[in-house]
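Topology and contacts: notes
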Amino acid sequence: MAELGVGRPTKRRAGSAVGGLPVADSRPVFAGDAVLGTRCSACRYPSSQRDLPWCPACYAPMVAERFATTGPVWSATVVDIHVGTRKPPFGLAYVDLDDGPRVLVHLAEPAVLGLGSRVRITGTDDGDLVATEVRS
Amino acid sequence: MTEAMLWGVGTSAYGRFPERRVEALAWEAVAEAVRDAGISPGEIDAIVVGSVFGPPGVATRVQRGLGIPGVPMWTVENACASGTSAYHEAVEAVRLGRFGCVLVLGVEQMSTLFSGAIVPEATDPEGASSLPLPGLYALQAQRYAGEFGVTPEQLAAVAVKNKRNGLDNPRAQLRASAPTVEEVLASRMIARPLTFLQCCPTSDGAGAAIVGGARGKRRDLRIETSAMVSGALWDHRSEDVWGYASVARAAERAFAQAGRTPAEIDVLEVHDAFTIGEIITLEALGLASRGKGAELAPSGHTARDGAQPVNPSGGLLSRGHPLGATGMAQLAEITWQLRGEAGARQVARHRVGLVETMGGGAAGMDGNACVVTILARQT
Ligand SMILES: [Zn+2]
């Protein structure tokens, strides 16, 4: 008998990426020239979530919106462990889209970008937003 | 309002116990807490359980062995703050006179659910994008470093302190060695800048407490306050690093209710799942001003023989992190410290203690919940 708890698949709603059942995808959607989301019709609060019941800042209705694909890095890191199907090293960053919400992106190059570095969302990888540093 | 007192605490050992039944871990903690409180199990008139991963019905499965049938009982889940959220409900219930004696339990068995790193919650945008918890804390650390200039050595000093403290904790999962700053930094990189020795291990274990009204026993601790807050939006408008604001909200409420200042706290157990977590938390609690929290460990201020010892048990970095049980383990340590029963871990000044537990991981929120409680020895 195998040792208890060793070598089992992780099973806590891990999603199809690690062999579990597929789950609804809540990630932001990239549409080539925009990141799709919603914006408050009253206070202009932006969100990458498309199914909010109302604006979480002021309770007014949310409407569909297209956000810029560029923005400054709020923080970035490089992960050096396997996570799901992601093989290390891979770069992650929070990016404040220029006219939109803060979104989590994968970096095209695994490097710890400095705060405020300019990036552009350039595509998706398996549904994740992928961003590339914009060098001026 | 009735005064709420802490009558007794108990815990299991912490580690990997896949061969044990989850309720057996709980019973070990409950039995010790009942003995410690000097009560008969029949005196318990409500049970509150904190657990994240269950199994479903874990509270009833625990209850089965206790011979306390039919009492009000409920389970709460607030991520890493589940145990102390359960405790908070017990404290409030006793205060309001709803119950005279409440059993609080935190229990988690993670070794049978995860092998290796925890896979993030796939229904959440961040989880679906493969952001692991150490990655979230790494983003926090990088932002903090960019704003305030924390050095790798300052981060590592937290791990060195807590792992050295853990050597004297016989219930800790990791107590083999106390690494140097160099060894912490040389350990395997997990998510830059956080190395392996700056991350707590996932664990199995349980913690329990008996909360009741004043009953004239000198050994009971006075619960000066328990404050619990849920998360708030953490988004493009947030100037604080992730998690800071939720701890600050709970702390502000707790200090106001207790009528105390951070400087009056003698000993603390705080949520150090990752080294940066302790630094951010101590700033949010007011032990240091913004950007100065990283100096606390290197300066010795938070050492066991320092002015304000933090995590004398070794913290999550030594004890391990059985999510639902973690808050109860912190509570047990502060209880032993305040009573002067902490043995080799005992701190010198131990009249007033604080426990802080922050649970998080839901994308776009500054935490799932945070609990801050302040306890004091009777004078
Ligand atoms: Zn609005």
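- As annotated in an unreviewed UniProt entry, chain B is propanoyl-CoA C-acyltransferase from Amycolatopsis thermophila.

- Chain A has the name OB-fold protein in an unreviewed UniProt entry, where Amycolatopsis thermophila is given as its organism.

1. A closer look at the overall build of chain B
- Tallying secondary structure elements over chain B gives twelve helices and eleven strands in all.
- For 379 residues, the compact-globule estimate of 2.2 N^0.38 gives 21 Å, and chain B sits close to it at 19 Å.
- Considering only C-alpha atoms, chain B reaches an extent of 55 × 45 × 40 Å along its principal axes.
- With 379 residues in all, chain B has 65% of them scored as buried.
- Look at the contacts in chain B between residues 6 or more apart in sequence, and 78% of them connect residues 24 or more apart.
- Total accessible area computed for chain B in this model is approximately 12300 Å², and 52% of it derives from carbon and sulfur atoms.
- Across chain B, the 34 positively charged side chains and the 39 negatively charged ones have centroids separated by 5 Å.

2. Points about the interface of chain B and chain A
- Contact with chain B, which involves 47 residues of that partner, is made by 48 residues of chain A.
- In total, about 3900 Å² of surface goes out of reach between chain B and chain A, with carbon and sulfur atoms giving 61% of it.
- Taken as a group, L139, R192 and H236 of chain B account for 17% of the area that chain B buries against chain A, more than any other trio of residues on that side.
- Viewed at the interface, chain A and chain B are joined by one salt bridge.
- Across the pair D80 of chain A and R192 of chain B runs a salt bridge, and its minimum N-O distance is 2.8 Å.
- Taken together, the links from chain B to chain A amount to 14 residue pairs in polar contact (both at pLDDT 80 or more).
- Broken down by secondary-structure element, the contributors of at least two residues to the side of chain B that touches chain A are α4 (125–128), α5 (133–148) and β5 (189–191) of chain B.
- In terms of residue count, the dominant contributor to the side of chain B that touches chain A is α5 of chain B (nine residues).
- Broken down by class, the residue content of the side of chain B that touches chain A amounts to 24 nonpolar, eleven polar and twelve charged.

3. A closer look at the nonpolar core
Residue and element names in this part refer to chain B.
- If you look at the biggest cluster of nonpolar residues, it comprises 67 residues, and the most contacted ones within it are L268, I276 and L285.
- The leading source of residues in this core is helix α8 (residues 244–258), at eight residues.
- The residues contacting L285, other than those within four sequence positions of it, are V247, A251, F255, P262, L268, V270, L354, E356 and V372.
- In this structure, V76, A90, F99 and V347 belong to the second largest nonpolar core, which totals 30 residues.

4. Looking at the sheet that holds strand β7 (residues 204–213) of chain B
Residue and element names in this part refer to chain B.
- Pairing is mixed across the open sheet formed by nine strands, whose spatial order is β3-β2-β4-β7-β1-β8-β11-β10-β9. Two strands in the sheet have a free side with no partner beyond their single neighbour: β3 (73–76) and β9 (267–269). Between one strand axis and the next, the sheet turns by 25 degrees as a mean value, whatever way the strands run.
- For strand β8 (residues 221–230) and strand β11 (residues 369–376), the ladder comprises eight bridges, and the chain directions are antiparallel. Within β11, the position partnered with A227 by the bridge is V372.
- Against the sheet, α8 touches β8, β10 (352–359) and β11, its axis set at about 145 degrees to β8.
- Helix α9 (residues 275–285) rests against β9, β10 and β11 of the sheet, and its axis sits at about 120 degrees to β10.

5. Describing the UniProt feature "domain: Thiolase C-terminal" (unreviewed entry) in chain B
- Here, the residues flagged by UniProt with the feature "domain: Thiolase C-terminal" (unreviewed entry) are residues 238–362 of chain B.
- Its end C-alpha atoms 16 Å apart, residues 238–362 of chain B is made of 42% helix and 9% strand.

6. As for the side chain of Q378 of chain B
Residue and element names in this part refer to chain B.
- Secondary-structure assignment places Q378 in the segment after β11.
- You can call Q378 buried: its relative accessible area is 18%.
- At 2.8 Å, the side chain of Q378 forms a polar contact with the backbone oxygen of K217.
- Within polar-contact distance, the side chain of Q378 engages the backbone oxygen of D220 at 2.7 Å.
- Dropping the residues within four chain positions of it, Q378 is found in contact with M5, K217, R218, D220 and R222.

7. Brief notes about helix α3 (residues 82–95) of chain B
All names here are of chain B.
- The end-to-end C-alpha distance of α3, which contains 14 residues, comes to 20 Å, matching closely the 20 Å that a straight helix rising 1.5 Å per residue would cover.
- For α3, a buried count of twelve out of 14 residues is recorded, marking the element as mostly surrounded by other parts of the structure.
- Along α3, the residues classified as buried are S82, G83, T84, S85, A86, Y87, H88, A90, V91, A93, V94 and R95.
- Downstream of α3 by a residue or two, G97 has a phi angle that is positive, lying close to 80 degrees.

8. Quick word on the coordination of the zinc ion
All names here are of chain A.
- Protein-derived ligands of the zinc ion are C40 (SG), C43 (SG), C55 (SG) and C58 (SG), with the metal-ligand distances lying across 2.3 Å.
- Around the zinc ion sit four donor atoms, and with donor-metal-donor angles ranging over 98 to 117 degrees the site reads as tetrahedral.
- Binding-site remark: the zinc ion is held by donors from one chain whose sequence spacing is C-x2-C-x11-C-x2-C.
- When its relative accessible area of 0% is taken as the criterion, C40 is described as buried.

9. A short note on the packing of aromatic side chains
- A full pass over the atoms with the stated rule returns seven aromatic pairs over all chains.
- Consider the rings of Y94 of chain A and W234 of chain B, whose centres lie 5.2 Å apart with planes at 70 degrees: the pair is edge-to-face. With Y94 of chain A in strand β6 (residues 90–96) and W234 of chain B in the loop between β8 and α8, the pair connects residues from two separate chains. For the pair Y94 of chain A and W234 of chain B, one class covers both residues: buried.
- Ring centres of Y144 of chain B and F148 of chain B lie 4.9 Å apart, and the angle between their planes is 55 degrees; this geometry places the pair in the tilted category. Highlighted residues: Y144 of chain B and F148 of chain B, both in helix α5, separated by four residues, approximately one helical turn.

10. Details of the UniProt feature "domain: ChsH2 C-terminal OB-fold" (unreviewed entry) in chain A
- Under the UniProt annotation, the feature "domain: ChsH2 C-terminal OB-fold" (unreviewed entry) is placed at residues 67–122 of chain A.
- Across residues 67–122 of chain A, the secondary structure splits into 0% helix and 52% strand, with the terminal C-alpha atoms separated by 13 Å.

11. Some points on the pairing of β8 of chain B
All names here are of chain B.
- Most of β8 sits out of view: seven of its ten residues are buried.
- Here strand β1 (residues 4–11) pairs with β8 via two bridges, running antiparallel. Among the inter-strand pairings, L6 is bridged to a residue of β8, identified as L221.

The rules behind the values
- Residues numbered from 1 in each chain as written.
- Chains lettered and ligands numbered in written order.
- Predicted model: local features only at pLDDT ≥ 70, side-chain atom pairs only at ≥ 80, totals over all residues.
- Heavy atoms only, no water.
- Helix = DSSP H or I, 4+ residues; strand = E, 2+ residues; numbered from the N terminus.
- Rg over C-alpha atoms; globule rule 2.2 N^0.38 Å.
- Buried < 20%, exposed > 50% of the residue type's maximum accessible area, 1.4 Å probe, protein only.
- Contact = heavy atoms within 4.5 Å.
- Areas by Shrake-Rupley, 256 points an atom, 1.4 Å probe, with all protein chains shown as cover.
- Lys, Arg positive; Asp, Glu negative; His and termini not counted.
- Charge placed at Lys NZ, Arg CZ, Asp CG, Glu CD.
- Buried area = accessible area lost by both parts, 1.4 Å probe.
- Salt bridge = Lys/Arg side-chain N within 4 Å of Asp/Glu carboxyl O.
- Polar contact = N/O pair within 3.5 Å; in protein donor to acceptor, adjacent residues only side chain to side chain.
- Nonpolar A, V, L, I, M, F, W, Y, C, P; charged D, E, K, R; others polar.
- Core = buried A, V, L, I, M, F, W, Y, C linked by side-chain atoms within 4.5 Å.
- Pairing = 2+ DSSP bridges.
- Axes fitted to C-alpha atoms, helices over the stretch in contact; angles between N-to-C directions.
- UniProt positions renumbered as here; feature names shortened; annotations may be inferred.
- Expected span 1.5 Å × (residues − 1).
- Donors = N, O, S within 2.8 Å, 3.2 Å for Na, K, Ca; no water.
- Tetrahedral: all angles 85-135°; square planar, octahedral: opposite > 155°, others 65-115°.
- Phe/Tyr/Trp six-rings, centres within 6.5 Å; stacked < 30°, edge-to-face > 60°.

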